[in-house]
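In case you want the letters, here they are:
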Amino acid sequence: MFEICADPKSLEGLTWLSCYLTSGKHMNMYWAFGTVLLLLAVTAPIAMLFGFFGAMAARSQFFVLRLIGKGYTGMVRGVPDIVFFLFFVIALDQGIEYLMHTVRCPDWTDPVRNGLEFRVCPEAKVPLNSAPQVVHQFYGFMLAVLTFALVFGAFAANVLYGAMQAVPRAQLETAEAYGLSPAQVFRRILVPQMWVYALPGLSNLWLILIKATPLLFLLGVQDIVYWARELGSAKTQAFDYPHPDWRLYYFLALLVFYLAFTRVSEIVLARITARLSKGQATAAGEALRKAVI
Amino acid sequence: MTCWETIGAYAFRSIGYGERLLPRSDFTLCQQFTLIGSGLIWNIYFGVIALAFGFVLANAIAFAKASHSPLVRKPAEWFIFLFRGSPLFIQFFLAYEALQMLPRAGIDVFGITVQTAWTTKAWAGALFVLFLNTAAYSAEIFHGALRSIPKGDLEAAEAYGLTGFAKFRRIQWPTMLRLAWPAYTNEAIFLFHSTTLVFFSGFPAFQQRGDALYYASYFADKTFNPFVSYPIVAGYFIALTLLLIWLFSAINARLNRHLPSNMGGKIRLRPQVIR
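Residues numbered from 1 in each chain as written. Chains lettered and ligands numbered in written order. Predicted model: local features only at pLDDT ≥ 70, side-chain atom pairs only at ≥ 80, totals over all residues.

**Brief notes about the overall build of chain B**
Reasoning step 1: From N to C terminus, chain B includes nine helices and two strands.
Reasoning step 2: Helices and strands in chain B line up, N terminus first, as α-α-α-α-β-β-α-α-α-α-α.
Reasoning step 3: Along the three orthogonal principal directions, the C-alpha set of chain B runs to about 75 × 55 × 30 Å.
Reasoning step 4: The buried share among the 275 residues of chain B stands at 41%.
Reasoning step 5: The long-range share in chain B, meaning contacts at least 24 apart out of those at least 6 apart in sequence, stands at 72%. (Helix = DSSP H or I, 4+ residues; strand = E, 2+ residues; numbered from the N terminus. Buried ≥ 20, exposed ≤ 12 C-beta atoms within 10 Å, placed from the backbone. Contact = placed C-beta atoms within 7 Å.)

What follows is the structure in structure tokens.
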């Protein structure tokens, strides 16, 4: 990084540390922080979308749709989320490859599940074996995003379902009395009012989502936990590092990162809550109104 | 090998009894059910002990956080923030690395050598982390309940001449517990769920003695088939969750026995407290 780093013999103390912390591998680790933030930025809206449709399905008039919605919201209640993380990644991967297999190799005769192997034709591999490394990494990341979105969508569906139920019944009845159709009631009355009820649950969910990001490591993405283990250990398979086992300090850095991120999120979410409570017929809204007078 | 023989060989595999070698090929459904069920012993061990000890510490921390003296309140607040604000996964890694740094030969305390090697084993190290973690989460729940004790109850207690410890034992603590119980039930459920993280973090599974998820992922890795072993874990955990809800509802009914039957706090599962 710096020019002084070119000559390793001259390095000592702080200069050595500054060179050490800006080495190529460390740059990769700093990028991995970006990966985590990107995952959060991409996953949160998708999970909200899944949650919204899950909650809508759970409220539906049709039995089958309601069953799907209830099943989706209920799935995270009894089963540890990490089971889903481990399950969905393989299941999605195999599902996608199986679909490609049926489309691209219709006359492939061998069974796909042959004993202990899952074998599809070479053209159905996703991504293709010949694809560059970047594509493989991107595919792995997208699988992780989809998995996170599916699991957190179920949590969000729980919260949003509760929020939709919490909107005062009188509001909806008034709208009906004015002759609004069910779709209009949903769009114009229910959805604008539900957010203030959903916000405490959603803020919690955001904090949980932040704390779930180290699980990326289990999904095979080279995230910050991967790099902390890799760079902190005294040696890897390839070569020795010039320091003893420093994993403790690397994990301490991660801990501080997560604590800081949580704290900042808490402060921002508290502001949003105050903003959304303005003019609402809730205790918080009443308190705000009184504070102005 | 019949199913009964499999159960005999692997039912207690996770705690070191029975067949030493795990099955390597020709996996039967019976083997998967038995081994994953055997791993569940670890989940129950971690969950029950962490919950029992965590309950005591959580009470202490909740009251410390409610204290007027900043010398008592601040450490409690920091403890809760530290454990609730960071991922359990990182806490496991950190604890494992920190415990590894203890001198291998043991520490001399007044001439007696205290062994340290056992602290890096999952049964002790991971249990310790889970204990502190659940204490922090439960303390926050208890603190919230402590603050929402009706003012009238406390004033009534004082009017009857109850003060100090008698007021605490007869009014404050039971009411706090009663108010916190639905949320605490959720905490217990999600603590059991988070015990599955132990063998996926820093703590290694000694001689392949792991928890339910450890064996499930072993089978999934070997067979490339996630559609059998993971649903088995899911099934076991749903059963465990139902058992927990039943147990905690019974306690809840006892805590609320003096109230009219329609007024007791109903236990509703809210997924807000997972780590």
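Moving on, there is more to tell.
**Quick look at the overall build of chain A**
Reasoning step 1: Helix and strand counts for chain A stand at ten helices and two strands.
Reasoning step 2: Helices and strands in chain A line up, N terminus first, as α-α-α-α-β-β-α-α-α-α-α-α.
Reasoning step 3: Out of the 293 residues in chain A, the part that is buried amounts to 28%.
Reasoning step 4: For chain A, long-range pairs separated by at least 24 residues make up 62% of all intrachain contacts whose partners lie at least 6 apart in sequence.

**Some points on the interface of chain B and chain A**
Reasoning step 1: Counting residues at the interface gives 33 residues for chain B and 34 residues for chain A.
Reasoning step 2: Secondary structure elements with two or more residues in the side of chain B that touches chain A: α4 (88-100), α8 (212-223) and α9 (226-255) of chain B.
Reasoning step 3: A breakdown of the residues in the side of chain B that touches chain A according to their chemical character gives 22 nonpolar, eight polar and three charged. (Nonpolar A, V, L, I, M, F, W, Y, C, P; charged D, E, K, R; others polar.)

**A short note on the nonpolar core**
Reasoning step 1: Counting 127 residues, the largest nonpolar core has A:Ala156 and B:Phe92 as the members making the most contacts within it.
Reasoning step 2: Looking at which element gives the most residues to this core, the answer is helix α5 (residues 133-166) of chain A, with 17 residues.
Reasoning step 3: Two domains each provide a minimum of three residues to this core, namely domain 1 (38-199) and domain 2 (223-293) of chain A.
Reasoning step 4: If near-sequence neighbours (up to four positions away) are discounted, A:Ala156 is found in contact with A:Ala47, A:Met48, A:Phe50, A:Gly51 and A:Leu205. (Core = buried A, V, L, I, M, F, W, Y, C linked by C-beta atoms within 7 Å. Domains from an automatic or database assignment.)

**Thoughts on helix α2 (residues 29-65) of chain B**
Reasoning step 1: Along its 37 residues, α2(B) runs 50 Å from first to last C-alpha, staying within 8% of the 54 Å computed at 1.5 Å per residue.
Reasoning step 2: A maximum bend of about 30° is found in α2(B) at B:Gly54. (Expected span 1.5 Å × (residues − 1). Bend = angle between axes of the 7 residues up to and from the residue.)

**Here's the deal with the packing of helix α6 (residues 169-177) of chain A against helix α7 (residues 182-212) of chain A**
Packed helix pairs are characterised by how far apart their axes lie and by the angle those axes make with each other.
All names here are of chain A.
Reasoning step 1: In contact at an axis separation of 10 Å, α6 and α7 are set at 160° when each is read in the N-to-C sense. The pairing of α6 with α7 is recorded here as roughly antiparallel in orientation. As for how α6 packs across α7, the hand of that crossing is right-handed. Judged by residue contacts, Gln171, Leu172, Ala175 and Glu176 of α6 engage Val185, Ile189, Leu190 and Gln193 from α7. (Axes fitted to C-alpha atoms, helices over the stretch in contact; angles between N-to-C directions. Parallel < 35°, antiparallel > 145°, perpendicular 65-115°, else oblique. Left-handed = near helix turned anticlockwise from the far one by under 90°.)

**Some points on the confidence of the model for chain A**
Reasoning step 1: Summing up the model confidence of chain A, the mean pLDDT is 83 and the portion of residues at 70 or higher is 90%.
Reasoning step 2: The element-level mean pLDDT for chain A is lowest in strand β1 (residues 113-114) of chain A, coming to 70, with α6(A) highest at 91. (pLDDT = per-residue confidence, 0-100.)

**Thoughts on helix α2 (residues 24-58) of chain A**
Residues and elements named next belong to chain A.
Reasoning step 1: With 35 residues, α2 ought to run about 51 Å at 1.5 Å a step, and its terminal C-alpha atoms sit 50 Å apart, in line with that.
Reasoning step 2: The largest bend in α2 is about 25°, located at threonine 43, with the proline proline 45 one to four residues further on.
Reasoning step 3: Buried positions along α2 lie against α3 (63-78), α5, α7 and α8 (224-232).

**A short note on unusual backbone geometry**
Residue and element names in this part refer to chain B.
Reasoning step 1: Even without glycine at this site, glutamine 208 takes up a positive phi of about 55°.
Reasoning step 2: Checked against the element boundaries, glutamine 208 lands in the loop between α7 (164-194) and α8.
Reasoning step 3: Look at glutamine 208 and you get partly exposed, because 16 C-beta atoms sit within 10 Å.
Reasoning step 4: With a phi angle near 55°, phenylalanine 224 is a residue other than glycine that sits in the positive phi range.
Reasoning step 5: If you trace the backbone, phenylalanine 224 turns up in the loop between α8 and α9.
Reasoning step 6: Assessed through the 14 C-beta atoms surrounding it within 10 Å, phenylalanine 224 is described here as partly exposed.

**Thoughts on the environment of A:Val76**
Reasoning step 1: With respect to the helices and strands, the residue A:Val76 is situated in helix α3.
Reasoning step 2: Along the primary structure A:Val76 and A:Ser265 are separated by 189 residues, whereas in three dimensions their C-alpha atoms are 24 Å apart.

**Remarks on the environment of A:Thr147**
All names here are of chain A.
Reasoning step 1: Along the chain, threonine 147 falls in helix α5.
Reasoning step 2: Taking C-alpha positions, threonine 147 is 19 Å from isoleucine 224, a pair spaced 77 residues apart along the chain.
Reasoning step 3: The contacts of threonine 147, once residues within four sequence positions are left out, are Phe85, Phe88, Val89, Leu92 and Leu219.

**Points about the environment of A:Arg104**
Residue and element names in this part refer to chain A.
Reasoning step 1: In this structure, arginine 104 sits in helix α4 (residues 81-104).
Reasoning step 2: Sequence separation between arginine 104 and alanine 47 is 57 residues, and the spatial gap between their C-alpha atoms is 31 Å.
Reasoning step 3: Ignoring any residue separated from it by four or fewer positions in sequence, one finds arginine 104 in contact with Cys121, Glu123 and Ala124.

**Let's talk about the packing of helix α6 (residues 151-159) of chain B against α7(B)**
Residue and element names in this part refer to chain B.
Reasoning step 1: Their axes nearest at 11 Å, the elements α6 and α7 cross at an angle of 170°. Of the possible angle classes, the one that applies to α6 and α7 is roughly antiparallel. Between α6 and α7 the crossing geometry is right-handed. On α7, the residues touching Asp153, Leu154 and Ala157 of α6 are Lys167, Ile171 and Thr175.
Reasoning step 2: Grouping the amino acids of the contact of α6 with α7 by side-chain chemistry returns three nonpolar, one polar and two charged.

**Quick word on the confidence of the model for chain B**
Residue and element names in this part refer to chain B.
Reasoning step 1: Residues with a pLDDT of 70 or more make up 93% of chain B, whose mean pLDDT is 86.
Reasoning step 2: Considering each helix and strand of chain B separately, the mean pLDDT is smallest for strand β1 (residues 107-109), with a value of 71, and largest for helix α3 (residues 70-85), with 94.
Reasoning step 3: Confidence over residues 271-275 falls short of pLDDT 50; this stretch has 19 contacts with residues more than four positions distant or in other chains.
Reasoning step 4: ipTM for the predicted complex: 0.83, alongside a pTM of 0.85.

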